[in-house]
Amino acid sequence: MNHNRNYKETASLYDVSYSQVYSWVKKYDAKGEDSLKDRRGYHKPNDQVDELERLRREKETVFKYYIRL
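Computed from a predicted structure; not experimentally measured.

(A) Up close: the packing of aromatic side chains. With the rule as written, the count across this model stands at 2 aromatic pairs. On the numbers, 5.6 Å between centres and 80° between planes, the contact of Y7 with Y22 is edge-to-face. One end of the pair, Y7, is in helix α1 (residues 7-14); the other, Y22, is in helix α2 (residues 18-31), with 15 residues separating them in the sequence. Under the relative-accessibility criterion, Y7 is labelled buried at 10%. In textbook terms, an aromatic cluster arises when at least three aromatic residues are bridged by ring pairs, as seen for Y7, Y18 and Y22.

About the thresholds
- Residues numbered from 1 in each chain as written.
- Predicted model: local features only at pLDDT ≥ 70, side-chain atom pairs only at ≥ 80, totals over all residues.
- Heavy atoms only, no water.
- Phe/Tyr/Trp six-rings, centres within 6.5 Å; stacked < 30°, edge-to-face > 60°.
- Helix = DSSP H or I, 4+ residues; strand = E, 2+ residues; numbered from the N terminus.
- Buried < 20%, exposed > 50% of the residue type's maximum accessible area, 1.4 Å probe, protein only.

Here it is, written out as C-alpha cells:
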C-alpha cells in the first residue's frame, strides 16, 4: 500500500508513538481537520445535559460562590 505517508518518521519527528500518528491520520481522513481539535474540557451547554449533570453544575456554582464570600 503506497500512500506517501511515513508514520514512523513523523512519530519520531514529533516524539509521539507510531500508533498516535496512525490514529490522527485515520481521524483526519475520515472527518477532516476538525476531528483533530482537542476537545478535552469541553462541556455541553446546560440545555443539552440530563438533570443530574445540571444539578451537579448548579451545586458547583453555588459552592464556588460561597467560597468567594
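Here the narrative resumes, following the displayed structure.
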